[in-house]
Amino acid sequence: MLESLRSVVKFRRFEPNPVKRRLNGAANVDDLRSIAKRRLPAGVFDYIDGGAEDEIALTNNSEAFRRIGFRPRVLRDVSSIDTSVSLLGRTTPLPLVLAPTGFTRVADTQGELAVARACARRGIPYTLSTMGTRSIEELAAASDSVPWGGEGQRRLWFQVYMWRDRGLVRELVERAAAADYEALVLTVDTARLGRRERDVRRGMTLPPKLGLDTIFDGIRRPGWTWTFLRNEPIVFANVATSSAAGDIDDGSRAVDLAQHIQDQFDPSLNWDDVEWLRSIWDGKILLKGVQSVADTELAVANGIDAVCLSNHGGRQLDGAPAPIELVAPCRDAVDDSIELIVDGGIRRGSDIVKARALGADAAMAARVYLYALGAGGELGVDWMLDFLTDGVRQTMALCGQTRAQDLTRELLTEV
Ligand SMILES: Cc1cc2nc3c(=O)[nH]c(=O)nc-3n(C[C@H](O)[C@H](O)[C@H](O)COP(=O)(O)O)c2cc1C
């Protein structure tokens, strides 16, 4: 009886680590999102998950990937698969960069440090946001605290918003140079903050204010609330550690993000400012938030190293084009004169393969790691990066492709 029971019943080995136990139940990024939704206060989850207005751009970012199918080849010996590609002139193990996000520590108290370590272990570049909650220097130290998993030196990029106060921008850029950041990523789609109506409805501030509703919500998420209250306050770490910031809000008082951006960011941003940035930075410059062929061509004319085709994850202009649909026309217009990165809606390794096959040098992704942080902190980000890496390998193997550098549109079809 015991014998026959043993032959049909299978138990998973007990996992003593509760975070790993939680992650063991996940099969994909949607599962990480569901776990994060359970663990984070509703306002925090909506800040991460939401988009602008009717969330048409947000939805379309993912839907556009679903409309692309594969034309697999067979009998091509896929026993060895090389996922590495060249990015900004250096070999990188996967065509993936992690995108900048503001206020990352709301998802997990380690925030950007956890993401930087997970990326460094695998040699994947990571971009710190101007609105990040860890400083330029802290992030560099965290990245250096683990063995670099890629070729050459570590790769950190710094995302810049153009503050009205150019003294602050200059100081941040100088600090990024001193800490050996590889590239500046100038975000150009934020003349005003998109109207994120989930945040409007909740009166969301950053950091979240503890009102009656949030306290009630917090009681239902004791893990997050306890950690939030016990750890050092969440602030805009780069502004807080700047000597040039003057009386600019550093997030130590709760700020309304839309108002903050209206007050502090310069809506007169134009190509002359790009030129100015070039004059104070010797490294690579990327423009993030380009959404047309015409602006991609202008980026080439202005000597930009790479553009990131992006609609800010559907958080800015609702009705903006799905960035993945811009890759082919932009690549056709500019040939190989500039590198193209695409973000918005990347949730699987197969999405990265599609981006690469359409002509992008790499994909960028943000929410994948925010859900991962919310679901399981640094272990969650490790889980997610392994999931995406394996997804790229899996897709390439099933498509009969052995080198990520050789992927072309031949591989794709519309579904
Ligand atoms: C919570 C959150 C905060 C973000 N903060 C920034 C930011 O500070 N700077 C920036 O350039 N982009 C920011 N973004 C946009 C991302 O860098 C990226 O363009 C976009 O989220 C990609 O889409 P995905 O989340 O579907 O991968 C943010 C996105 C999210 C979800």
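Scroll up for the structure.
Residues numbered from 1 in each chain as written. Predicted model: local features only at pLDDT ≥ 70, side-chain atom pairs only at ≥ 80, totals over all residues.

(A) View of the pairing of strand E11 (residues 362-365). Both faces of E11 are covered, namely the face carrying Ala362 and Met364 and the face carrying Ala363 and Ala365. Inspection of the sheet shows strand E4 (residues 96-98) paired to E11 by three bridges, in the parallel sense. Residue pairing across strands places Leu96 opposite Ala363, the latter belonging to E11. Strand direction decides the pairing type here: strand E10 (residues 339-343) and E11, joined by three bridges, are parallel. Looking at E11, one finds that Ile341 is bridged to Ala362. (Buried ≥ 20, exposed ≤ 12 C-beta atoms within 10 Å, placed from the backbone. Helix = DSSP H or I, 4+ residues; strand = E, 2+ residues; numbered from the N terminus. Pairing = 2+ DSSP bridges.)

(B) Examining the site of the ligand more closely. Inspection of the region around the ligand gives 24 residues, with Ala99, Gly102, Gly313, Ala366 and Arg367 positioned closest. Those elements giving two or more residues to the shell around the ligand turn out to be helix H4 (42-49) and helix H18 (367-399). Tallied by class, residues from the shell around the ligand come to nine nonpolar, eleven polar and four charged. (Near = placed C-beta within 6 Å. Nonpolar A, V, L, I, M, F, W, Y, C, P; charged D, E, K, R; others polar.)

(C) Expanded view of the pairing of strand E8 (residues 284-290). Most of E8 sits inside the fold, with six of its seven residues counted as buried. Summarising the sheet, strand E7 (residues 183-187) and E8 pair through five bridges and their orientation is parallel. Of the residues in E8, the one forming a bridge with Thr187 is Lys288. Pairing of E8 with strand E9 (residues 306-309), which is carried by four bridges, proceeds in the parallel orientation.

(D) Structural detail: the packing of helix H6 (residues 112-122) against H18. Where H6 contacts H18, the two axes come as close as 9 Å, and the packing angle between them is 20°. Relative to H18, the element H6 lies roughly parallel. Here the hand of the crossing between H6 and H18 comes out left-handed. On the side of H6, the interface is formed by Ala114, Val115, Arg117, Ala118 and Arg122, while H18 contributes Tyr369, Leu373, Gly377, Glu378, Val381, Asp382 and Leu385. Of the residues that constitute the contact of H6 with H18, the class distribution is seven nonpolar, one polar and four charged. (Axes fitted to C-alpha atoms, helices over the stretch in contact; angles between N-to-C directions. Parallel < 35°, antiparallel > 145°, perpendicular 65-115°, else oblique. Left-handed = near helix turned anticlockwise from the far one by under 90°. Contact = placed C-beta atoms within 7 Å.)

(E) View of helix H17 (residues 349-358). Burial runs high along H17: ten of the ten residues are buried. Of the residues trailing H17, Gly359 is marked for its positive phi of about 125°.

(F) Summary view of unusual backbone geometry. One non-glycine residue with positive phi stands out, namely Glu53, at about 45°. Relative to the helices and strands, Glu53 is located in the loop between H4 and helix H5 (56-66). Look at Glu53 and you get partly exposed, because 18 C-beta atoms sit within 10 Å.

(G) Just the nonpolar core, in detail. Judged by nonpolar contacts, the single largest core of 117 residues is most densely connected at Val307 and Met384. Per-element accounting of this core gives the leading share, 16 residues, to H18. Formed by five residues, the second largest nonpolar core is a distinct cluster that contains Ala52, Leu58, Leu317 and Ala320. (Core = buried A, V, L, I, M, F, W, Y, C linked by C-beta atoms within 7 Å.)

What is shown is where atoms sit, not what they do.
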